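The lines below spell out each chain.
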Protein chains: 2
Amino acid sequence: MIFKQLFEPDSCTYTYLLGCQETGKTVLIDPVVDTVHRDLDMIRSLDLTPTYTLETHIHADHISGGVKMRALADTKIAIPKMENIECADIGIEEGKVFEVGSIKIHPLFSPGHTDAHHAYLIENGAHTLLFSGDALLIEACGRTDFQQGDPALLYQTIHQKFFTLPDETLVYPGHDYEGRQITTILQEKQRNPRLKDGMSKNDFIEIMNGLDLPYPRKIDFAVPANLLCGKCPDNVPAEYRGPCEIFDRDIRRYLKQGDQG
Amino acid sequence: MIFKQLFEPDSCTYTYLLGCQETGKTVLIDPVVDTVHRDLDMIRSLDLTPTYTLETHIHADHISGGVKMRALADTKIAIPKMENIECADIGIEEGKVFEVGSIKIHPLFSPGHTDAHHAYLIENGAHTLLFSGDALLIEACGRTDFQQGDPALLYQTIHQKFFTLPDETLVYPGHDYEGRQITTILQEKQRNPRLKDGMSKNDFIEIMNGLDLPYPRKIDFAVPANLLCGKCPDNVPAEYRGPCEIFDRDIRRYLKQGDQG
């Protein structure tokens, strides 16, 4: 397997590129529309084929690169099935392995940040990799105050689905705002201020309900966009419009690169 | 490959257990004498065979478990060859792969913390693993004020041997004092206060020479012990003497466990 951790700095989002060496097939977990060209360039530079995009959930902080990637490179869009999203090509659900060539991705239903959030597990050599989306972040977790967020459910997800994995499990989060790349299950048990020292569910709920976070900068257009798999909605402000519009030049640029490659 | 990250709390040392699934052979990187029984129990519980111990360097903060492990379980002791240590069974050097069953360990000569320090590289699935010993720690690095430490050499080691590895390389340090388990090359480039923002060699030297650290608690007996592969030296104080003595009951306990297994 080929693995790349890619970063989108405006929303501090991690996109993960997994590539099957035998078949050349790839999946991009949580692609961001702003970095679609970079991600396609990366796939091409590794002699791989754009194949799938895969979402952990409907994001409120960035527009997905799903639709744009599909327009430029004919990828298939995979999204948790219970989102019931018309534009999706593939519905993901726990218990059904999602295969990308020889890569086997095990979806884990992990509600709490949103009601249909899924994390993804992969076995890779001696390690289990957990792509935790926004359910578990490094020394933090996703907020629970919008999109059917529920701190009690998130506590249950983290304890029952994640903290039962081996201590050495590598946790790759959906975001980090301080330049950290990775954590482990044991590290979060030991250091996450919302979970360590046997933090009770009630205390967790109190912390989450008291965070007093600002209203998300992009939520009003990002959620509608992501319900359309990343299609530019009418209400997107001019300063964010550029990346999610799909121009003929985008398609030409990508085709040209393909021809050169 | 089987992988376990084990922790010795008195010296905050990480011992790494790597096991070859096909042959059952194992190596313990940087075993601590205090936790030899735990490590042997772990190897047995995984249906593996104690085979090798491997040191990154001559430690000043703990006594190695090498000799005790060899006495109890007939393991071979591997130590960087340039240490010229008589009790070692195997001399490790850069350029010569050390094989543990199908596990290929690539030694990296990495002086600066000590003059003969070696780190170890392994390919594991999509990831490169770097066992960095005390040359690079999470947001820190080993001190350079004893055992032929040299901050200029350590800066060179980190930049030329480590920071040229792929960004996603998983870095497993020899110690952490705050419950962190893992870092990556990119994370250290971005966050290590002694290295980030293009820190110059001169600034690094100034930081290292100004650390003003306390005299190491165990150095006066740990270094002599480790030059004997972990044999209890005469000058070890009573409160540290227990673990490094090898009693008949230790051997009996281990044999008994083996019989039961």
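Residues numbered from 1 in each chain as written. Chains lettered and ligands numbered in written order. Predicted model: local features only at pLDDT ≥ 70, side-chain atom pairs only at ≥ 80, totals over all residues.

Details of the overall build of chain A
When its secondary structure is counted, chain A shows eight helices and twelve strands. Here the C-alpha radius of gyration of chain A, 18 Å, is about what a compact globule of 261 residues would show, namely 18 Å. Taken over the C-alpha atoms alone, chain A extends approximately 55 × 45 × 35 Å along its principal axes. Out of the 261 residues in chain A, the part that is buried amounts to 48%. Counted over contacts in chain A with a minimum sequence separation of 6, partners at least 24 positions apart contribute 59%. (Helix = DSSP H or I, 4+ residues; strand = E, 2+ residues; numbered from the N terminus. Rg over C-alpha atoms; globule rule 2.2 N^0.38 Å. Buried ≥ 20, exposed ≤ 12 C-beta atoms within 10 Å, placed from the backbone. Contact = placed C-beta atoms within 7 Å.)

What about helix H6 (residues 219-227) of chain A?
Residues and elements named next belong to chain A. Residues Phe221, Ala222, Ala225 and Asn226 constitute the buried set of H6. Down the axis of H6, the sector holding all buried residues measures 125 degrees, keeping them to one side. Contacts from the buried residues of H6 go to helix H7 (238-244). (Arc of directions from axis to C-beta.)

As for the relation of the copies chain B and chain A
Here the two chain copies are tied together by a rotation about an axis and a shift along that axis. Superposing chain B onto chain A requires a rotation of 180 degrees together with a translation of 0.0 Å along the rotation axis, leaving an RMSD of 0.0 Å. This pairing of chains is accounted for by a two-fold axis. By C-alpha distance to the rotation axis, the residue of chain B lying nearest is Gly125 of chain B, at 2.1 Å. The fraction of interface residues of chain B whose copies in chain A are also interface residues reaches 100%, indicating that both copies meet through the same surface. (Least-squares fit on C-alpha atoms with pLDDT ≥ 70 in both.)

Some remarks on unusual backbone geometry
Residues and elements named next belong to chain B. The backbone of Asp47 shows a phi angle near 60 degrees, a positive value even though the residue is not glycine. Mapped onto the elements of the fold, Asp47 is located in the loop between helix H1 (36-45) and strand S4 (49-54). Positive phi outside glycine occurs at Gln147, with the angle close to 50 degrees. Within the secondary structure, Gln147 is located in the loop between strand S10 (127-133) and helix H3 (151-162). A count of 19 C-beta atoms within 10 Å places Gln147 in the partly exposed class.

Some details on the sheet that holds strand S8 (residues 103-109) of chain A
Through backbone hydrogen bonds, the strands of a sheet pair up, either in parallel or in antiparallel fashion. Residue and element names in this part refer to chain A. Strands sit in the order S7-S8-S9-S10-S11-S12 across an open sheet of six strands; the sheet is mixed. Only two strands of the sheet have a single partner each, and these edge strands are strand S7 (98-100) and strand S12 (183-184). Bridge count for strand S10 (residues 127-133) against strand S11 (residues 170-173) is four bridges, and the pairing is parallel. In the strand pairing of S11, Gly133 is matched with Pro173. (Pairing = 2+ DSSP bridges.)

Considerations on the pairing of S10 of chain B
Residue and element names in this part refer to chain B. For S10, the buried fraction is high: six of the seven residues fall into the buried class. One ladder, built from five bridges, connects strand S9 (residues 118-124) with S10; its direction is antiparallel. Across the sheet, Ile122 pairs through a bridge with Leu129, a residue of S10. Linking S9 to S10, which pair antiparallel, is a turn of two residues; within it Gly125 sits at a positive phi near 60 degrees. Where the polypeptide runs from S10 across H3 and back to strand S11 (residues 170-173), its parallel neighbour, the crossover connection is right-handed. (Right-handed = clockwise from strand over helix to strand, strands pointing away.)

Digging into the environment of Pro193 of chain A
Residue and element names in this part refer to chain A. Relative to the helices and strands, Pro193 is located in the loop between helix H4 (185-191) and helix H5 (201-209). Residue Pro193 is classed as exposed on the basis of its 10 C-beta neighbours within 10 Å. Residues Pro193 and Glu139, spaced 54 residues apart in sequence, show a C-alpha to C-alpha distance of 6.2 Å.

Examining the interface of chain B and chain A
Chain B puts 19 residues into the contact, and the matching count from chain A is 19 residues. A breakdown of the residues in the side of chain B that touches chain A according to their chemical character gives six nonpolar, nine polar and four charged. (Nonpolar A, V, L, I, M, F, W, Y, C, P; charged D, E, K, R; others polar.)

Brief notes about the nonpolar core
Judged by nonpolar contacts, the single largest core of 121 residues is most densely connected at Tyr172 of chain A together with Tyr172 of chain B. When near neighbours in sequence (up to four residues on either side) are disregarded, Tyr172 of chain B contacts Gln5, Tyr14, Tyr16, Leu129, Leu130, Phe131, Ser132 and Ile182 of chain B. (Core = buried A, V, L, I, M, F, W, Y, C linked by C-beta atoms within 7 Å.)

Comments concerning the sheet that holds strand S1 (residues 2-8) of chain B
Residue and element names in this part refer to chain B. An order of S1-S2-S3-S4-S5-S6 is seen for the six strands of this open sheet, with the pairing classed as mixed. Two strands close off the open sheet at either side, each with one partner strand: S1 and strand S6 (90-92). Ignoring which end each strand starts from, the neighbouring axes of this sheet average 25 degrees apart. Examined bridge by bridge, S1 and strand S2 (residues 13-19) share seven bridges and lie antiparallel to one another. Bridging across to S2, Glu8 finds its partner in Thr13. Contacts between H1 and the sheet are confined to S1, S2, strand S3 (25-29) and S4, with S2 contributing the most and set at about 25 degrees to the helix. Contacting S4 and strand S5 (76-80), helix H2 (residues 66-73) runs over the sheet at an angle of about 160 degrees to S4. (Axes fitted to C-alpha atoms, helices over the stretch in contact; angles between N-to-C directions.)

A look at the confidence of the model for chain A
Residues at a pLDDT of 70 or more form 98% of chain A, whose mean pLDDT is 95. Among the scores for the predicted complex, ipTM is 0.93 and pTM is 0.95. (pLDDT = per-residue confidence, 0-100.)

Quick notes on the environment of Ala73 of chain B
Residue and element names in this part refer to chain B. Relative to the assigned elements, Ala73 resides in helix H2. Ala73 sits in the buried class, given 21 other C-beta atoms within 10 Å. Counting along the chain gives 100 residues from Ala73 to Pro173, while the straight-line C-alpha distance between them is 26 Å. Dropping the residues within four chain positions of it, Ala73 is found in contact with Leu40, Pro50 and Tyr254.

Some remarks on the pairing of S8 of chain A
All names here are of chain A. Two elements, S7 and S8, share three bridges in a ladder whose sense is antiparallel. By the bridge assignment, Glu99 is partnered in S8 with Lys104. Turn length for the S7-S8 hairpin, with the two strands adjacent in sequence and antiparallel, is two residues, and the turn residue Gly101 shows positive phi of about 60 degrees. Where S8 and strand S9 (residues 118-124) come together, four bridges link them in antiparallel fashion. Bridge pairing in S9 links Leu108 to Ala119.

Section: the environment of Val100 of chain A
Residues and elements named next belong to chain A. Secondary-structure assignment places Val100 in strand S7. With 20 C-beta atoms counted inside 10 Å, the residue Val100 sits in the buried group. In this structure the C-alpha to C-alpha distance between Val100 and Ala71, which are 29 residues apart in sequence, comes to 20 Å. Setting aside chain neighbours within four positions, we find Val100 in contact with Leu18, Cys20, Lys25, Thr26, Val27, Thr51, Tyr52 and Ile105.

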